[in-house]
Every structure is written in structure tokens, then in C-alpha cells.
Amino acid sequence: MSSRDDREALMLFEPELASVKPAVERHGRCGALLALLAFAMLIVSLDQYIVVVALPEIGRDLGYSAQTLQAVISTYAIASSGFLLFGGRAADLLGRRRMLVAGLALYAVASVIGGLATAPLWQLAGRALQGLGGALVFPSTLAIINTTFAEGRDRNRALSVWGGAGAAGLVIGVLLGGVLTQGFGWRAVFFVNVPLAGFAIVPAFALIAADRRRAVSRRFDLAGTLSVTGAVTLLAFALVRGPDAGWGSPGIVAALAVGTVLLGSFAVIERRSADPLLPRGLLRNPSLVLALVVAFMFTATFGSLLYFLSIHFQDVWGYDALTTGLGFLLPTAVVVTGSVLAGSVVTRIGVRRTLLGALATGAVGTCLLGLALTPDGSYAWLVPGLIAVSIGDGMVFTAMYIAAATGVPGHRQGVASGIVTTGSGVGAAAGLAVLVLIANTTANTTAGAHGLDDEALRIATGAGIRVAVFAIAAGIVLTFLIALTSFRRGS
């Protein structure tokens, strides 16, 4: 063929080539954007439990008591859950890129405060600021995904990657915390967030489109934001501290009373607002409501399991921080696999079957763990349960956020994300508090019956953890029944 023929042939295909090039470029850009959002999600997620393995060392250095040590985890959860609706609204109105970058920057500053702390008060202040940073990052990443990728197969695939990072982050946090604590001391679990946040902030300006101007007709609803933030924060605080301090204690009663009043005020404010923080029709979306309930129960059960496994490894089996962290390698790999597969599974069989199957698998796995967590057991005994519960963990995490985004318009994705993640944050705080109370009560009863020597305390601690794990299994079964009933009503 002559060169002239070649040119003519190329001219015939120029329209197709012209359309392919932008598609390839867009695909590559979307892939890079998704990687960035997944990385940002990983930072927020892993920091919820990165301190778990370091807790014994933190407690010794800073003088926490056995009752107050869990505040290192719950303070983060309370602050995060209290500000998530605010973060979702801010993402919708002030700009998703702007809120993502602000949240990551706040995360870095708060981590420095937590790492430099020499007393519990300063460290808990740092953890609260980290929670606020997470409340800006979490709904921003989710809203960007839900407005970038079309509902259906594309969004499900994107949420699988994002969800894989989020679900794995909870487990990776424990693994990374063990490695850092063993090698560099507990302060490293805070300082590591500084370079991680920096690596996410820099490409955000290149990969995320600049935020548009806020529509003049849309208002921030400051009164609604302040009332619901105060209400969720106080109610979450009461749920966390109530089991330990006593539901009749003045501080808990005051928190419950003021929180309830603020929640009622929020309802009145929203009815009168021309542009409410919580749009009236949003909670009539059955898929979003189900996602909210599942998110609360997920972090109260699956999320709390990591805490008890870590304590069992160290206080019952005598693992050091590094060995404890390495013990989470297997569940990390399985959680990532389950979460990544969840998108394609949802596309094939739907959210209903995916959620129900994942919850059933998680319940079975948790029961197997409860049977294997004996004082003289071994890690090998845990493997079947770890695999099953990790599959359920990863798939539920992704599926519930696919459900949350279904049928929600683009300009409401931020606040919808905030609603579900608020449920997730409150569930994490309340679930851990109740389960720690169950474990401690059982341990104290067992120790009282067998004496107070080291061996008796080890056995008692293991007994308490075992009861808590079976309580988690019961919670997962309850979530399965709630989801099953909800789907039947919707059919």
C-alpha cells in the first residue's frame, strides 16, 4: 500500500481515534483520582485502630487508668461522629476538594499534637481533632466518587476499591501500629500520619477539579448544623461513658438531657428551614435508611472485634506489639479481597443478597473465633474464623456504602455520606463501650472466683474477651435479621 493510501486510511479512522484518546485519558485520570481517594480513606480508617496495639505502652507512659484507656479510641469516634453531618454539608456547599484538603491538613496537625503529648488531656485533644479531620475527609471522598462514577457497575467498582481501602484500613491500622510501636515507640503511631496526609494533599490539587461557586440559593443552615453536631456529640459521649460511669451519674444524665433537647431543636429547625441540612425526602430513601442502620451495627460489631483480638493476643497469649501486628496480616489480605469483590458481586446479585450473605458469613466466623479464643489456644485455631469474619467484614463495608448512594441525587451525596458515616461513628463508640463493659464484668467475676495472681488474671481476661466476642456474633445476627426484615418490607 502506498503512503497516500496509508494517509487516506488514517483519515477514515480519525473520528474513532479522536474519540478513543479522550476516553483513555479520562479512564487514566479517573483511575488516578480513585487511587487518591482510596488512599485518603485508608488514612482516616487506619487511624481509628492504629493506637490499639500501642495502648498498653501509652497507658504506662501517660498514666491512663484501665477504665480511661479506651478513651484514646472512643474520643476519636465521638468527635468524628459528631461532625460527620457537618462535614457532609460542608462538602456539598463549600467544595469537596476544599474540605478534603482541609481535613487532611487538620489530620496532620492533630497527629503532631497527639504524638507530642505528655499527659492524657493533650493526647485526647489531639485525638478529638483527628476525629474532626476525619469527619471532613470521609464524606468528601465518598461524595467525589458518587458524583464522578455513574450509578451501577462503574460506581460499584469504584466503591469496591474505596471500600477495600476503608475496610482494610481498620485491620492495617492494627498491623502498622504493632510494627511502629515495636520499632519506634507509641509516638510513631501518631507521627506517621504527617507524611501520609502530605502525600495525599499534594496530588489532590491536580486530580480533583476545582470547586464551583456555591449557589446563592443554598445556605449552610448554621443553626441546624450546630444543633445536630452538639446532639450527636453529647449522645455519643453518654453512650460511651454511661456503661462505666453509671447511667444515673450527673454527667451522663446532663449529656443525655441536653443532647435530646438539641436533637428536638434540630428537628424543629429543619422543618422551618428553606434549605435544611437534612433534606426532608432523604430519609424516605429505604436504601439509605438501611445503610444507616447497618453502618451503626457494623462498626459496633465487626469494628470492635479488632480491639478484643489485639488485647487477647497481648494480655492472654503474651504476644509483643510486633507479633500482634503480624497476626493481622491474614485478615488484612482477606478483608481487602472481600471488599474489592463486593462491587462485582452487588452488580451480579444485588445489594440484598450480598449484604445478607456477608452478614451470615461474618456471624459464623465470629462464633468460630469465640470458640478458638481460649487461654491456651494458638493462632492456627483462629484461621478459619478469621477468614470467614474478614470476608464478611470487607463485603459488608462496601455493600452498605453502595446502598447509601443508591437513588441519591448528586448535590445531596455529601450529606447522605455524612448521615451514614455518622451512624458508623456512633456505632463504633457505643459498641466498644458496651462490649468493654461486658468483657470487664465477666473478667472481674472470673477473677473474684479464682484469685488475683497473674495466671488467674490472664484466664479472667480471656474469659471476658470470649464473652464479648460471642456478644459481637449476636449483634451480627441481629443486623442480619434487621436487613432481612427491611428487604421484605421493601419488596
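Everything that follows concerns the structure shown earlier in this document.
Residues numbered from 1 in each chain as written. Predicted model: local features only at pLDDT ≥ 70, side-chain atom pairs only at ≥ 80, totals over all residues. Heavy atoms only, no water.

1. Re the overall build of the protein
- In terms of helices and strands, the protein carries 16 helices and zero strands.
- Relative to its full complement of 491 residues, the protein shows a buried share of 55%.
- Taking all contacts inside the protein whose residues are at least 6 apart in sequence as the whole, residues at least 24 apart take part in 85%.
- Of the roughly 20,200 Å² that the protein leaves accessible, carbon and sulfur atoms contribute 68%. (Helix = DSSP H or I, 4+ residues; strand = E, 2+ residues; numbered from the N terminus. Buried < 20%, exposed > 50% of the residue type's maximum accessible area, 1.4 Å probe, protein only. Contact = heavy atoms within 4.5 Å. Areas by Shrake-Rupley, 256 points an atom, 1.4 Å probe, with all protein chains shown as cover.)

2. Here we look at the environment of Gly259
- Mapping Gly259 onto the fold places it in helix α10 (residues 250-272).
- Along the chain, Gly259 and Ala231 lie 28 residues apart, while their C-alpha atoms are 4.2 Å from each other.
- Contacts of Gly259, omitting those with residues within four sequence positions, involve Ala231, Leu234 and Leu235.

3. A word on helix α14 (residues 379-405)
- Between its first and last C-alpha, α14 extends 38 Å over 27 residues, near the 39 Å set by a 1.5 Å rise per residue.
- At Gly385, α14 shows its maximal bend, which comes to roughly 35°.
- Within α14, 20 of the 27 residues are buried, which leaves the element mostly enclosed by the surrounding structure.
- Looking one or two residues beyond α14, the residue adopting positive phi is Gly407, at roughly 80°. (Expected span 1.5 Å × (residues − 1). Bend = angle between axes of the 7 residues up to and from the residue.)

4. A look at the packing of helix α13 (residues 329-372) against α14
- In the contact formed by α13 and α14, the axes pass within 4 Å of each other and the chain directions differ by 145°. Handedness of the α13/α14 crossing: left-handed.
- Across the contact of α13 with α14, the residue classes tally to 30 nonpolar, 13 polar and one charged. (Axes fitted to C-alpha atoms, helices over the stretch in contact; angles between N-to-C directions. Left-handed = near helix turned anticlockwise from the far one by under 90°. Nonpolar A, V, L, I, M, F, W, Y, C, P; charged D, E, K, R; others polar.)

5. Observations concerning the pattern of salt bridges
- Per the counting criterion, the structure on display carries one salt bridge.
- In this structure, Asp376 and Arg458 form a salt bridge, with 3.2 Å as the shortest nitrogen-oxygen distance. Of this pair, Asp376 sits in the loop between α13 and α14 while Arg458 sits in helix α16 (residues 454-490), placing them 82 residues apart in sequence.
- Residue class for Arg458 comes out buried when judged on its relative accessible area of 17%. (Salt bridge = Lys/Arg side-chain N within 4 Å of Asp/Glu carboxyl O.)

6. Some remarks on empty space enclosed by the protein
- Enumeration over the complete set of coordinates arrives at three cavities of 30 Å³ or more.
- Roughly 90 Å³ of volume is contained in the second largest cavity.
- In this structure, the second largest cavity is lined by Val171, Phe302, Leu305, Leu306, Leu309, Phe328, Pro331, Val335, Leu386, Val389, Ser390 and Asp393.
- Where the lining of the second largest cavity is concerned, the elements lending two or more residues are α11 (286-316), α13 and α14.
- In terms of residue class, the lining of the second largest cavity is made up of ten nonpolar, one polar and one charged. (1 Å grid on protein atoms, 1.4 Å probe; cavity = no way out; pocket = protein on both sides within 12 Å on 5 of 7 lines; lining within 4 Å. Points joined across faces, edges and corners; volume = space filled by probe spheres on them.)

7. Structural notes on the side chain of Asp393
- Along the chain, Asp393 turns up in helix α14.
- No salt bridge is formed by the buried Asp393, whose closest oppositely charged neighbour, Arg127, lies at an N-O distance of 16 Å.
- Beyond its immediate stretch of four places on either side in the chain, Asp393 contacts Ala167, Phe298, Phe302 and Val335. (Lys, Arg positive; Asp, Glu negative; His and termini not counted.)

8. What about helix α3 (residues 71-94)?
- An ideal rise of 1.5 Å per residue puts 34 Å on 24 residues; α3 measures up with 32 Å between its terminal C-alpha atoms.
- In the structure, α3 departs most strongly from a straight axis at Leu84, where the bend amounts to approximately 45°.
- A large share of α3 lies buried, amounting to 21 of its 24 residues.
- Positive phi shows up at Gly95, right after α3, with a value of about 120°.

9. Some points on the side chain of Ser339
- Topologically, Ser339 is positioned in helix α13.
- Residues in contact with Ser339, not counting those within four places in the same chain, are Ser160, Gly163, Gly164, Ala167, Gly394, Met395 and Thr398.

10. Considerations on the nonpolar core
- Counting residues in each nonpolar core, the largest one holds 126 residues, and the members touching the most others are Trp162, Tyr307 and Phe308.
- Among the elements that make up this core, the one with the highest residue count is α11 (15 residues).
- With seven residues, the next largest nonpolar core counts Ala77, Ile78, Ala428 and Ala429 among its residues. (Core = buried A, V, L, I, M, F, W, Y, C linked by side-chain atoms within 4.5 Å.)

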